[in-house]
Amino acid sequence: MKTAPVNRIIPMSVVDGPGSRTAVFLQGCNIACAYCHNPETQKLCCGCGLCVAECPAGALSMTEKGIRWEEELCTGCDTCIHVCPHRASPKVKEMSAEAVFREIERNRPFIRGITVSGGECSLYPEFLTELFGLARETGLTCLMDSNGMVDLSEYPELLNVCDGVMLDVKSWNPDVYRKLTGGDNQVVLQNLDLLAEKGLLAEVRIVCKPDVVDAESAIQGIAERLRGKLDFRLKLIAFRPYGVKGWMQNMEPPSQEYMEELAALARTCGFCDIIIT
Ligand code: SF4
Ligand code: SF4
Ligand code: SF4
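Because the structure is a prediction, the values reported are computed rather than measured.

Chemist: Just checking my understanding: could you explain the environment of A238 for this structure?
Modeler: Inspection of the secondary structure puts A238 in strand β10 (residues 233-238). As for A238 and L167, which are separated by 71 residues in sequence, their C-alpha atoms are 16 Å apart. With residues near it in sequence (within four places) discarded, A238 still touches C208, P254, M259 and T277.

Printed below as a string of structure tokens:
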């Protein structure tokens, strides 16, 4: 039985893939994007205990095994997240795929599928394989929302039970990618090729911010690399500073005009299904 640290489960979401879906957010990420809206999902709690005394509801305590979070006492004020210096959250539950599926089943009449996001969900491939296997038995479609930093070719069993991946191509130039995320985008591009070849690219996303993200190069680069296979949605996401911590936190969103220019560029490159958010 495989487990994963679950940050939260949203019973019904219409923004995490097509139709109404249950969205499962796993804790932990393998990069640290400068524009991350949920930096508290990046790391696992190290048990430093700094948030315990700050909880106004007494919902946190130290135990031998680490931090204990009593959900029934928690008011959801998020003070613990604001005071955590480690980009973590104490409000995380280690759950088996079966336990997560039991929660999903309650929403079964109202949802078309499930989407697992993060943090970075592909850090838990065995958990995903088990969860998707259970969900597909009941006719639910299963999507991953991924930064593409884990080599998915190493997990063919996961790809066999996955209906698609919404992949972040955060930038094209490796130096820009490294500055934005701290990582190397080679694996992302390998995954881009693999998923396109297997017909599993549900969506490609680029967060756009002029002079910071090379969105133009990314659009052109993806189009050239996947020539003839651009049958997926390209989502151009305007950078927004909400929740952002670090050097991008005081930056302004791009103008609508800039976003329309990017969409026009994408059309000339051969993309047909383009949305701006
Ligand atoms: S959530 Fe953060 S502050 Fe609280 S114990 Fe874990 S690492 Fe420390
Ligand atoms: S959100 Fe955090 S600080 Fe607030 S009540 Fe819950 S555990 Fe305590
Ligand atoms: S991949 Fe997602 S969760 Fe991870 S740091 Fe980037 S924006 Fe945050």
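Chemist: Whenever I open this one, helix α5 (residues 174-181) confuses me. Can you help?
Modeler: At 3.6 residues per turn, the α-helix brings residues three or four places apart onto the same side. Among the residues of α5, Y177, L180 and T181 are the ones counted as buried. Projection of α5 onto a plane perpendicular to its axis shows the buried side chains occupying an angular sector of 75 degrees, all on one side. Exposed residues lying more than 90 degrees from the buried face of α5 are D175 and K179. Once α5 ends, the next one or two residues include G182, with phi positive near 85 degrees.

Chemist: Where do I start with the sheet that holds β10 in this structure?
Modeler: Hydrogen bonds between backbone groups are what pair the strands of a sheet, and the pairing can be parallel or antiparallel. Ordered by their spatial adjacency, nine strands build an open sheet running β5-β1-β2-β6-β7-β8-β9-β10-β11, and the pairing between neighbours is mixed. The sheet terminates laterally at β5 (93-96) and β11 (274-276), the two strands that pair on one side only. Averaged over all pairs of adjacent strands, the angle between their axes in this sheet comes to 30 degrees, without regard to strand direction. With four bridges joining them, strand β8 (residues 164-168) and strand β9 (residues 201-208) adopt parallel strand pairing. Each residue of the ladder has a partner; that of V165, found in β9, is L201. On top of the sheet, helix α8 (residues 256-268) reaches β9, β10 and β11; it is set at about 170 degrees to β11, its chief contact.

Chemist: For this particular structure, what's the right way to read the domain arrangement of the protein?
Modeler: Each assigned domain of the protein is listed with its residue range as follows: domain 1 (3-41 + 93-276) and domain 2 (45-90). Here the C-alpha centre of domain 2 lies 28 Å away from the C-alpha centre of domain 1. Domain 1 puts seven residues into the contact, and the matching count from domain 2 is seven residues. Summing the contributions of domain 1 and of domain 2, the shared interface buries around 610 Å²; its carbon and sulfur component is 46%.

Chemist: Sorry if this is basic, but what is going on with unusual backbone geometry here?
Modeler: G119 follows G118 through a cis peptide bond whose omega is 5 degrees. Mapped onto the secondary structure, G119 falls in the loop between β6 (113-117) and α3 (125-137). If you check the backbone angles, R87 has positive phi at about 55 degrees while not being a glycine. For R87, a relative accessible area of 27% translates into the label partly exposed. In this model, D211 sits at a positive phi of 70 degrees, which is unusual for a non-glycine residue. For D211, the location among the structural elements is in the loop between β9 and α7 (215-225). You can call D211 exposed: its relative accessible area is 83%.

Chemist: Any chance you could explain the layout of surface pockets here in plain terms?
Modeler: Gaps between atoms show up when a probe of the same size as a water molecule is rolled over them. A volume near 860 Å³ is recorded for the largest pocket. Lining the largest pocket are 34 residues, with H37, N38, D145, D168 and R205 positioned closest to its centre. Its residues assigned to classes, the lining of the largest pocket comprises 15 nonpolar, ten polar and nine charged. Considering only enclosed or pocket space, the second largest pocket measures out at about 400 Å³ in volume. What lines the second largest pocket is a set of 18 residues, among which N7, R8, I9, W69 and E71 lie closest to the centre. Of all elements in the fold, only β1 (3-13) and β5 reach the threshold of two or more residues within the lining of the second largest pocket. The leading source of residues in the lining of the second largest pocket is β1, at five residues. Class assignment of the residues belonging to the lining of the second largest pocket gives a composition of six nonpolar, four polar and eight charged. Inspection of the lining of the second largest pocket shows a minimum of three residues originating in each of domain 1 (3-41 + 93-276) and domain 2 (45-90).

Rules used throughout
Residues numbered from 1 in each chain as written. Chains lettered and ligands numbered in written order. Predicted model: local features only at pLDDT ≥ 70, side-chain atom pairs only at ≥ 80, totals over all residues. Heavy atoms only, no water. Helix = DSSP H or I, 4+ residues; strand = E, 2+ residues; numbered from the N terminus. Contact = heavy atoms within 4.5 Å. Buried < 20%, exposed > 50% of the residue type's maximum accessible area, 1.4 Å probe, protein only. Arc of directions from axis to C-beta. Pairing = 2+ DSSP bridges. Axes fitted to C-alpha atoms, helices over the stretch in contact; angles between N-to-C directions. Domains from an automatic or database assignment. Buried area = accessible area lost by both parts, 1.4 Å probe. 1 Å grid on protein atoms, 1.4 Å probe; cavity = no way out; pocket = protein on both sides within 12 Å on 5 of 7 lines; lining within 4 Å. Points joined across faces, edges and corners; volume = space filled by probe spheres on them. Nonpolar A, V, L, I, M, F, W, Y, C, P; charged D, E, K, R; others polar.

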